[in-house]
Amino acid sequence: MAVARDLVVSPADSPLRVAIVGAGPAGVYAAEALAEQDAVPVAVDIIDRLPTPFGLVRYGIAPDHLKMRGLRATLQRTLDHPRVRFFGNVEVGVDLPLALLRAHVDAVIYTYGAADAGRLGIDGEELPGSLTALDLVSWYCGHPDADRATVEEALSHARSVVVIGVGNVALDVARVLARAPEELQLTEMPQHVLDALADAPVEQVTVIGRRGPALASFTTQELRELGRLQSAVVLVDPHDLEPLGAAEEQAAAESAVARNLAALRGWVEHEPSPGAVRLSLRFRWRPVRLLGPDRVRALELERTAAGADGRAVDTGELEVLPADLVVRSVGYRGTSLPGLPVDERTQTVTHTAGRVLRDGRPSTGEYVAGWIKRGPSGVVGTNKHDAKETVASLLEDVAAGALAPCRQPEDLLTVLTRQGLHPVLLENWGAIDAAEEALGATHGRDRTTLHDRNTLLAAARLAAANREDG
Ligand code: NAP
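Residues numbered from 1 in each chain as written. Predicted model: local features only at pLDDT ≥ 70, side-chain atom pairs only at ≥ 80, totals over all residues. Heavy atoms only, no water.

Caption draft 1: Examining the overall build of the protein more closely. When its secondary structure is counted, the protein shows 18 helices and 18 strands. Relative to a compact globule of 470 residues, whose C-alpha radius of gyration would be 23 Å, the protein shows 24 Å and is just as compact. Reported as C-alpha extents along the three principal axes, the dimensions of the protein are approximately 70 × 55 × 40 Å. Sequence-distant contacts, at least 24 apart, represent 76% of the contacts inside the protein between residues at least 6 apart. Accessible area for the protein stands at about 20300 Å²; split by element, carbon and sulfur atoms hold 52% of it. Where the 48 positive side-chain charges of the protein centre and where its 64 negative ones centre are 2 Å apart. (Helix = DSSP H or I, 4+ residues; strand = E, 2+ residues; numbered from the N terminus. Rg over C-alpha atoms; globule rule 2.2 N^0.38 Å. Contact = heavy atoms within 4.5 Å. Areas by Shrake-Rupley, 256 points an atom, 1.4 Å probe, with all protein chains shown as cover. Lys, Arg positive; Asp, Glu negative; His and termini not counted. Charge placed at Lys NZ, Arg CZ, Asp CG, Glu CD.)

Caption draft 2: Structural detail: the nonpolar core. By size, the foremost hydrophobic cluster in this structure holds 97 residues, and its most contacted members are Ile 109, Tyr 140 and Leu 281. Ignoring anything within four residues of it in the chain, the contact list for Tyr 140 reads Pro 63, Asp 172, Val 173, Val 176, Met 189, Pro 190 and Val 193. Val 21, Ile 47, Leu 337 and Leu 421 belong to the second largest nonpolar core, which has 25 residues in total. (Core = buried A, V, L, I, M, F, W, Y, C linked by side-chain atoms within 4.5 Å. Buried < 20%, exposed > 50% of the residue type's maximum accessible area, 1.4 Å probe, protein only.)

Caption draft 3: Region of the structure containing unusual backbone geometry. Of note, the amide linkage connecting Gly 292 to Pro 293 takes the cis form, showing an omega dihedral of 20°. For Pro 293, the location among the structural elements is in the loop between strand 11 (285-291) and strand 12 (298-306). The backbone of Phe 54 sits at a positive phi, close to 90°, despite the residue not being glycine. We classify Phe 54 as buried; its relative accessible area is 1%. Backbone geometry at Arg 284 places phi at a positive 65°, although glycine is not the residue there. If you trace the backbone, Arg 284 turns up in the loop between strand 10 (277-283) and strand 11.

Caption draft 4: Quick peek at helix 8 (residues 168-178). The buried fraction of helix 8 is high, at 9 of 11 residues. For helix 8, every residue scored as buried is listed here: Ala 170, Leu 171, Asp 172, Val 173, Ala 174, Arg 175, Val 176, Leu 177 and Ala 178.

Caption draft 5: Layout of the pattern of salt bridges. One pass over the structure, following the stated rule, counts 39 salt bridges. Between Glu 153 and Arg 295 there is a salt bridge; the shortest N-O distance is 2.9 Å. Taken together, the residues Glu 153 in helix 7 (residues 148-156) and Arg 295 in the loop between strand 11 and strand 12 connect sequence positions 142 residues apart. Relative accessible area serves as the criterion here: at 33%, Glu 153 is assigned to the partly exposed category. (Salt bridge = Lys/Arg side-chain N within 4 Å of Asp/Glu carboxyl O.)

Caption draft 6: Structural view of the site of the ligand. Around the ligand lies a shell of 23 residues, among which Arg 210, Arg 211, Ser 217, Glu 222 and Gly 378 are the nearest. In this structure, Arg 211 approaches the ligand through a side-chain N or O atom, which is 2.8 Å from an oxygen atom. Burial of the ligand by the surrounding chains reaches 80%, relative to a free accessible area of 910 Å². Counting residues per element, the shell around the ligand draws most heavily on helix 8, which supplies 3 residues. Here the residues of the shell around the ligand are counted per class, giving 11 nonpolar, 8 polar and 4 charged. (Near = heavy atom within 4 Å. Polar contact = N/O pair within 3.5 Å; in protein donor to acceptor, adjacent residues only side chain to side chain. Nonpolar A, V, L, I, M, F, W, Y, C, P; charged D, E, K, R; others polar.)

Caption draft 7: Representation of the packing of helix 4 (residues 72-79) against helix 17 (residues 426-442). Where helix 4 contacts helix 17, the axes come no closer than 12 Å and their chain directions differ by 155°. When the axis of helix 4 is compared with that of helix 17, the two are roughly antiparallel. In this structure, helix 4 crosses over helix 17, and the sense of that crossing is left-handed. Two secondary-structure elements touch here, helix 4 through Arg 72, Gln 76 and Leu 79 and helix 17 through Leu 426, Trp 429, Asp 433 and Glu 436. Tallied by class, residues from the contact of helix 4 with helix 17 come to 3 nonpolar, 1 polar and 3 charged. (Axes fitted to C-alpha atoms, helices over the stretch in contact; angles between N-to-C directions. Parallel < 35°, antiparallel > 145°, perpendicular 65-115°, else oblique. Left-handed = near helix turned anticlockwise from the far one by under 90°.)

Caption draft 8: Quick peek at the packing of aromatic side chains. One pass over the structure, following the stated rule, counts 3 aromatic pairs. With a centroid separation of 5.7 Å and 85° between ring planes, the pair formed by Phe 54 and Trp 429 is classed as edge-to-face. Here the residue Phe 54 occupies a position in the loop between strand 2 (42-47) and helix 2 (55-59), and Trp 429 occupies one in helix 17, the gap between them amounting to 375 residues. Grouping residues by exposure puts Phe 54 and Trp 429 together as buried. For the ring pair Tyr 332 and Trp 371, a centre distance of 5.5 Å and an interplane angle of 45° mean the geometry is tilted. Taken together, the residues span a long stretch of sequence, with Tyr 332 in strand 15 (residues 332-333) and Trp 371 in helix 14 (residues 371-374) at a distance of 39 residues. Comparing Tyr 332 with Trp 371, the two get one shared label, buried. (Phe/Tyr/Trp six-rings, centres within 6.5 Å; stacked < 30°, edge-to-face > 60°.)

Caption draft 9: Spatial organisation of the sheet that holds strand 13 (residues 312-322). One open sheet holds the 3 strands; their spatial order is 11-12-13, and the pairing between them is antiparallel. Across the chains shown, the open sheet's two edge strands, defined by having one partner strand only, are strand 11 and strand 13. Across this sheet, the average inter-strand angle for adjacent strands is 25°, counted without regard to direction. Of the pairings in the sheet, the one linking strand 11 to strand 12 comprises 6 bridges and is antiparallel in character. Its bridge partner being in strand 12, Leu 290 is matched across the sheet by Leu 299. (Pairing = 2+ DSSP bridges.)

It is worth stressing that arrangement in space is one thing and function is another; only the former is reported here.
What follows is the structure, encoded as C-alpha cells:
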C-alpha cells in the first residue's frame, strides 16, 4: 500500500528497522539477506520465544545428523553480523504485543514456523503410548517445552513401535529408536535422553505409509541410511513395491523415486536376525484406530488401494497390529500469533511473494517467510530461497516508498526492558553455547544440549553477571 511521499522511510537518514519473529533458519536467512545487501542500510532484530536461536536446526534436525546440525555455524555468522541483534526469551504476541512491536519498527518478518503436530482424527489418538513425532523429536533434541515424563513413560513400554507416516521425520524417529546406544553416544542429546533410549526395550519398529512407496515423501539419502544401522535389520515386503495405478507409475519414472524403490528392493531378501531390531517398512495401510483400553496395545489398519489420482482408497480389509508405542508423524501445522491470523485451510499466513495479506490486501510493513509462509516442506536450504524472495519484496517496497516509517523509533531493547522482559542477547547466547560445550566435554562429546529453560537462563545470566563485574 503506497503512503504519502513525506511519510516515506528515508534510509539515508537512519537504517531501516526490521524485526524478525523467529530465529530458526528462515528468520536467520532473512536477516542474512537483509544484512548482506548494500542498497538499504538496515538494523535487524531477530526475536525468539526460546532463549536459544536456530529453531529446527537445534530442535528438529535429528541429533545423529551431525553434519546437518553443523549448519548452526553458518547461521551463527549472521547472528554475529554487526547489523543484526538477537533477542531470545521474548514471545511476540504474549510478552510483547504485536501492535507494540510494529509501532517500533519499519517492518516485521514473521518466520515462526509451523510448531504444532498434525492430527489423524481417529479414535485412541490420545491414549497413553500414543505420541506425535513432535513430542518425541522435541524430547530427544532437548527442547525446553518437551514433556519428559510422558515421553519417557511411553518409551519405557516401547517393545513394539509403530510410526505412522513415511516422510523424513518418520524416518528420523524410526532410525533414532532403532539405533544402538553406542551409535548415539557422540550426539548432543541430553544425558537423560541417551539413558532413556538405551533402556527402552525396542525390538520392532514398523513404519506405515498409507500409499505406495512411489508416493512416499522421504528422500533417498534418509531411506538408505536405515540400511546402515549397526544393530537393526530393514524388512520390506516385495508385494508392496510394485507401482499400482497411473499416479504411482508416473512417480516411479522419476529418478529420485526410482532410487528409493531400488533401495527398498535391496532389502526384500532380508530376514530378521536375533538381537537386531526389526525395522519394517510397510506400505498401503492406513490407520483406523488405536486400541487400548488403558494405553495403546495395538493399531487397527486398513489395506488401501491406489486411486487414479494417487490417493489411498479404502478396501475394507482390516488388520490389527500389536503396538506398545505409536508415533504419529503426519506433518506439522502452522498456528496464528495473537494479532496475526493464519488461513484455516492452509495453516499458513496468506501472502503474495512474502507480503502479508490482510483482508486480501498487502499489509504495510508485514512480511512472512519459511514454514509459516509456504507450509512444512523442503529441506533447511529451501528457506534460504524463500527468505530471499520475501526480503526482495521488502526492499522493493522500500524503493517504491511503500513503507510507512515507524511511529515510535525507540530502540527495541529499551522497549523490551520497559515491558519488564529479560531478553537473551547475543552474548548471553554465547554463554549458553559455552556452557553446553563445557557440559559436553565432561562426557567426552563436543556439546550436550541444556534442555531445561531455567538452566538455559541461568547460563545466560552468567554472561550478564560477568559483564557487570568486568
Ligand atoms: P511430510 O514429508 O509431509 O510427511 C508426512 C507423512 O504423513 C506423509 O507420508 C503423509 O502421507 C503422511 N500422512 C499425512 N496425513 C496422514 C494420515 N491422515 N494418515 C496416514 N498418513 C498420513 O512431513 P514430515 O515428515 O513431517 O517432514 C516435514 C518436512 O521436513 C519435509 O519437507 C521433510 O522433507 C523435511 N525434513 C527433512 C529432513 C532431512 O532432510 N533429513 C528431516 C526431517 C524433515 P501422504 O503423502 O499420503 O499424505
